[in-house]
Amino acid sequence: MATDDKGLDTNVYAEGVDEKNGNAGDRLDMYRMGKAQEMRRNFRFLSILGFSMILMASWEFSLSVATIGLVNGGTAGLIWMFFVCWMGFFVVNTSMAEMASMAPTSGGQYHWVSEFAPPKHQKLFSYLIGWMCVLGWQTSCASSAFIAGTQIQGLIVLNYPGYQPQAWHGTLLAIAVAAFSVLFNTLLARKLPLIEALVLVIHVFGFFGILVTLWVLSPRGDAKTVFTEFNDGGEWGSFGGSALVGILAGILPLLGADAAVHMSEELRDASRTLPRSMIMTTIFNGAFGWIMVITLCFCIGGDLESVTNSPTGFPFMAVFLNSTGSAKSATAMSVFIVAMTIFSNLTMVATASRQLFAFARDRAVPLSPWFANVPAGWDVPINSILTTFLITSLLSLINIGSTAALNSITSLATTSILSSYIVSIGCMIWRRWTNSPLLSSKFSLGRWGLAVNIASEAFLVVIFILAFMPPNPNPSAEEMNWNIVIYGGIAIFSVIYYLFRGRHQYEGPVVYVRALQPETAAP
């Protein structure tokens, strides 16, 4: 293979496919972006579809976070806010699918901002968004590991009612989940595509298994009540306002379609496969999630409060117990949810480590060469994976002192990732509005592009604001959503760090792209 002084494959126009470099389109994309191919392209369409569907795990997470929507909004609020989020994320993910086809890179949003933002703002904007993506995905790993740990505690309560859950138990379980994810992402890294395809089967068949069980065994609520009666559990004084606050129960299960983008340098024919995967994930996971939410709301029964206050900590476990009348049967059903949450964490670790690797490759973080290192024979960024495990473990320790503090920190994942969507899609709006040239792509929105981008931006701005809302208008210190303080503090720190150090090291991906454009003009 012929390479230049940067280690880039110069034979980008050659026909054929090889295991590491993919096809001619993959080689050309990497060459245009100025990136060396360091990982193997083991993923295909089915495995990357499984990867993104398992990471989002929409129907499983919709059950896990249902309490948020049931308290603020009730059954009607939960159902309709989930539907609104599904439609909203469909246009958002379609917008991102187009950008992914233009620039399929592990950097994702910060790379897109670097290429698509107004020239005078490219460097600063992409740097800030890069940090938001890194922090968002790192805290996502901690959040999903913690949810899996507390779900395991819920199973123990279900089977041993005398058990008193302790915070340190949840911390140890979360660290164990994170360690399991690291094992799969290192020693079994080459098997990850096969594992994702197999777990996708569990994701689909588990959905139908639980759905049919609930339909057959559960007492059904009145349709009019389920679809039209709202709840103002947060005492906002308005059913509509309360339902909007509870929209987080629809956001969380549908967030994260960009995960596939961060694996794009391990995906064959990425510029064509990524858009299909992202859109299909949104359609199928959204449908599964909405159907499961409706089913849950029908099966709750008349006593909503007893379900939301279940000693297990999860309403779905109480619903399973009420439906089957057996702790063992409810446990068997719940195990599917717990297992999928664990596998979701596994995919999040892969995503977070690739995001950190990509940002370090562009010299944007301290110890960048160390984070960006891909040891020969491993084909994965080992140091970034181990750092992800360390961050998850350290954040989990916070739970011992205060669960509220941990929840506030992990909620940073939602707003950080949403802000990266807002800025990257905003850059596309600017380019279309000013008739600036766009990169060619295998998936294009064409004349509908501006309308889809604007609709995406409007939806994102609204839910971004709502994600900072506390559960009630007069929250205690423990109930308060401290996300705004943490998010603001990190944003300020990022700007200060950029001014004093980052701007002297970070150039932005667009610098490498522009340097290579004359070379790619002629094969």
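Residues numbered from 1 in each chain as written. Predicted model: local features only at pLDDT ≥ 70, side-chain atom pairs only at ≥ 80, totals over all residues. Heavy atoms only, no water.

Visitor: Looking at this structure, I do not really get the overall build of the protein chain. What am I missing?
Guide: Within the protein chain one finds 24 helices and zero strands. For 523 residues, the compact-globule estimate of 2.2 N^0.38 gives 24 Å, and the protein chain sits close to it at 23 Å. Seen through its C-alpha atoms, the protein chain measures out along the principal axes to roughly 70 × 45 × 40 Å. The buried share among the 523 residues of the protein chain stands at 59%. Within the protein chain, contacts between residues at least 6 apart in sequence are counted, and of these 79% link residues at least 24 apart. Total accessible area on the protein chain stands at roughly 20,000 Å², and carbon and sulfur atoms take up 67% of it. Between the averaged position of the 28 positive side-chain charges in the protein chain and that of its 30 negative side-chain charges there is a distance of 8 Å. (Helix = DSSP H or I, 4+ residues; strand = E, 2+ residues; numbered from the N terminus. Rg over C-alpha atoms; globule rule 2.2 N^0.38 Å. Buried < 20%, exposed > 50% of the residue type's maximum accessible area, 1.4 Å probe, protein only. Contact = heavy atoms within 4.5 Å. Areas by Shrake-Rupley, 256 points an atom, 1.4 Å probe, with all protein chains shown as cover. Lys, Arg positive; Asp, Glu negative; His and termini not counted. Charge placed at Lys NZ, Arg CZ, Asp CG, Glu CD.)

Visitor: Honestly, the pattern of salt bridges in this entry has me stumped. Any pointers?
Guide: Pairing is possible between side chains that carry opposite charge, provided their charged atoms lie close to one another. Per the stated rule, a full pass over the model turns up 11 salt bridges. Lys35 is paired through a salt bridge with Asp362; the nearest N and O atoms lie 2.5 Å apart. Remark: Asp362 occurs in the loop between helix H17 (327-361) and helix H18 (368-371) and Lys35 occurs in the loop between helix H1 (24-33) and helix H2 (45-56); sequence separation between them is 327 residues. Accessibility classification places Lys35 together with Asp362 in one group, the buried group. The salt bridge partner of Arg190 is Asp379, with a shortest N-O separation of 2.8 Å. Taken together, the residues Arg190 in the loop between helix H8 (167-186) and helix H9 (192-217) and Asp379 in the loop between H18 and helix H19 (382-401) connect sequence positions 189 residues apart. Counted as one network, the salt bridges with shared partners bring together Arg40, Arg190 and Asp379. (Salt bridge = Lys/Arg side-chain N within 4 Å of Asp/Glu carboxyl O.)

Visitor: Would you mind showing me how to read the packing of helix H5 (residues 74-102) against helix H21 (residues 412-433) here?
Guide: Helix packing for two helices is described by the angle between their axes and how far apart those axes are. At a closest axis distance of 11 Å, the pairing of H5 and H21 adopts a crossing angle of 70°. It follows from the interaxial angle that H5 and H21 lie roughly perpendicular. H21 is crossed by H5, and the crossing has left-handed handedness. Along the contact surface, H5 presents Phe89, Val92, Ser95, Met96, Glu98, Met99 and Met102, while H21 presents Leu418, Tyr421, Ser424, Ile425, Met428 and Arg432. Counted by class, the contact of H5 with H21 contains nine nonpolar, two polar and two charged residues. (Axes fitted to C-alpha atoms, helices over the stretch in contact; angles between N-to-C directions. Parallel < 35°, antiparallel > 145°, perpendicular 65-115°, else oblique. Left-handed = near helix turned anticlockwise from the far one by under 90°. Nonpolar A, V, L, I, M, F, W, Y, C, P; charged D, E, K, R; others polar.)

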